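# Secondary and tertiary structure notes
Residue-level listing of the chains:
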Amino acid sequence: MAIEKEEMFGLTFEKPWTTEEVYKLVDDKVQSIIEACKADEYEVYLTGPHNFRFEVATVAPYKGQRSGDKPYHWSTVGDRLRNHWGAKEVQGIEADDILAIRATAMELESPGSYVIASRDKDLRQVPCHHYSWACGERQPEKPIYEVDYLGIVEALLYVSPKGDKSYKLSGYGLRFFYGQLLTGDTVDNIKGCPRVGPQKAVAALQFLTTEEELFNACALRYQQVYGDDWKKYLEENARLLFLIRDPSWVTVEDLGNNYFKYTVNKFWESPCDINNY
């Protein structure tokens, strides 16, 4: 009989595995990440329910294309991370947001001392050190690297297992954020600016050197595509894509047992006066 396999957190699980086998796989992975980051302290976060982005999204449901079915071992992995590794579950925001908040604070307090360990590309907006573990043959390990404020944006050629070719947006820092604002994000069902793919986004942004220039380049293309409604679409997409960095943007309620509820009080705002356009 064929054994069904599934991917989660960069691990490959077989459905018949026992709880103890899953625990060991999780423990080995977390320990290897800690060692790769040369960390003497660590923090683990999980995304809970009630993400504010579901309410922000009006053009298309946030993550709306995803199946509601969780992987077979989802709760087993989560329980191990909570009970053995002290993982905190955040509600109302995503784990990405709290990692961005913590990284920004640590960079101010002790520059270069904090490493975000994740496979999530969105976190590469955040200026600090990053680490990504291997996730299958097509996603190799990215040893510790530094993301600076402006960063880079690239269009990388991707060849599928069937031989189909396409370009994917890649990069980090502010240029990558504005690149996503143009191309959207199919993983999270964020539409971006139609008819602007990775190659056009890179051509528009790669040589710009200030946030005002990056914003203006995006604003121009949104005007061309959306006409008089462009501000609405740009603002919504930016608020969906942007990771919160400032703790004053949120209020937090400690629910006990490492569960925390966050309420967002402030959203992304244009670096320019959008009303002057």
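The paragraphs below set out a description of the structure included in this document. A quick note: this is a predicted structure, and the numbers were derived from the prediction, not measured.

A few words on the overall build of the protein chain. Helix and strand content of the protein chain: 8 helices and 11 strands. For 277 residues, the compact-globule estimate of 2.2 N^0.38 gives 19 Å, and the protein chain sits close to it at 19 Å. Projecting the C-alpha coordinates of the protein chain onto the three principal axes gives extents of approximately 60 × 45 × 35 Å. Taking the contacts inside the protein chain whose residues are at least 6 apart along the sequence as the reference set, 60% of them involve residues at least 24 apart. Only carbon and sulfur atoms are counted for the fraction: they give 50% of the accessible area of the protein chain, which is about 15200 Å².

Attention now goes to the pattern of salt bridges. In this structure the tally under the stated criterion is 11 salt bridges. Its salt-bridge partner being Arg 102, residue Glu 43 comes within 2.6 Å of it at the nearest N-O pair. With a gap of 59 residues between them, Glu 43 in the loop between helix H1 (19–36) and strand E3 (45–47) and Arg 102 in helix H4 (residues 95–109) connect regions that are remote in the sequence. One salt bridge connects Arg 53 with Asp 97, and the closest N-O pair in it is separated by 2.8 Å. One end of the pair, Arg 53, is in helix H2 (residues 53–56); the other, Asp 97, is in helix H4, and 44 residues separate them in sequence. Linked through salt bridges whose partners overlap, the residues forming this network are Arg 53, Glu 94 and Asp 97.

Let us now look at unusual backbone geometry. Here the phi dihedral of Lys 38 falls at roughly 55 degrees; this positive angle occurs in a residue that is not glycine. Checked against the element boundaries, Lys 38 lands in the loop between H1 and E3. Looking at Lys 38, the relative accessible area reads 72%, which means it is exposed. Phi at Arg 195 is positive, roughly 75 degrees, even though this residue is not glycine. Inspection of the secondary structure assignment puts Arg 195 in the loop between helix H5 (173–183) and helix H6 (198–205).

We now examine the packing of aromatic side chains. Tallying each qualifying case throughout the model produces 9 aromatic pairs. Ring centres of Tyr 42 and Trp 85 lie 5.7 Å apart, and the angle between their planes is 65 degrees; on these two criteria the pair is classed as edge-to-face. Taken together, the residues span a long stretch of sequence, with Tyr 42 in the loop between H1 and E3 and Trp 85 in the loop between helix H3 (74–83) and strand E4 (88–91) at a distance of 43 residues. Exposure remark for Tyr 42: the relative accessible area of 42% places this residue in the partly exposed category.

Quick look at the side chain of Asn 237 now. By the secondary structure assignment, Asn 237 is in helix H8 (residues 230–241). Not counting the four nearest positions on each side in its chain, Asn 237 is found in contact with Leu 181, Ile 190, Lys 191, Gly 192 and Tyr 222.

What follows covers the packing of helix H7 (residues 211–226) against H8. The description of two helices packed together rests on the angle between their axes and the distance between the axes. One can describe the packing of H7 onto H8 by two numbers: an axis separation of 8 Å at closest approach and a directional angle of 130 degrees. Here H7 lies oblique to H8, going by the angle between them. Where H7 crosses over H8, the two elements pack in a sense that is right-handed. Facing Phe 215, Cys 218, Ala 219, Tyr 222, Gln 223 and Tyr 226 of H7, the residues of H8 in contact are Trp 230, Tyr 233, Leu 234 and Asn 237. Looking at side-chain class alone, the contact of H7 with H8 contains 8 nonpolar, 2 polar and no charged residues.

What follows deals with the pairing of strand E8 (residues 152–159). Regular strands place side chains that alternate from one sheet face to the opposite one. Sheet topology note: the E8/strand E9 (residues 165–172) ladder contains 8 bridges and is antiparallel. For Val 159, the partnering residue across the bridge sits in E9 and is Lys 165. Hairpin connection from E8 to E9: 5 residues lie between these consecutive antiparallel strands, with Gly 163 at a positive phi of about 95 degrees.

The topology assignment puts Leu 150 in the loop between strand E7 (142–146) and E8. Setting aside its immediate chain neighbours within four residues, Leu 150 contacts Tyr 172, Gly 173, Leu 174, Arg 175, Thr 209, Thr 210 and Leu 214.

The rules behind each value
- Residues numbered from 1 in each chain as written.
- Predicted model: local features only at pLDDT ≥ 70, side-chain atom pairs only at ≥ 80, totals over all residues.
- Heavy atoms only, no water.
- Helix = DSSP H or I, 4+ residues; strand = E, 2+ residues; numbered from the N terminus.
- Rg over C-alpha atoms; globule rule 2.2 N^0.38 Å.
- Contact = heavy atoms within 4.5 Å.
- Areas by Shrake-Rupley, 256 points an atom, 1.4 Å probe, with all protein chains shown as cover.
- Salt bridge = Lys/Arg side-chain N within 4 Å of Asp/Glu carboxyl O.
- Buried < 20%, exposed > 50% of the residue type's maximum accessible area, 1.4 Å probe, protein only.
- Phe/Tyr/Trp six-rings, centres within 6.5 Å; stacked < 30°, edge-to-face > 60°.
- Axes fitted to C-alpha atoms, helices over the stretch in contact; angles between N-to-C directions.
- Parallel < 35°, antiparallel > 145°, perpendicular 65-115°, else oblique.
- Left-handed = near helix turned anticlockwise from the far one by under 90°.
- Nonpolar A, V, L, I, M, F, W, Y, C, P; charged D, E, K, R; others polar.
- Pairing = 2+ DSSP bridges.

The quantities given are spatial measurements derived from coordinates; they are silent on function.
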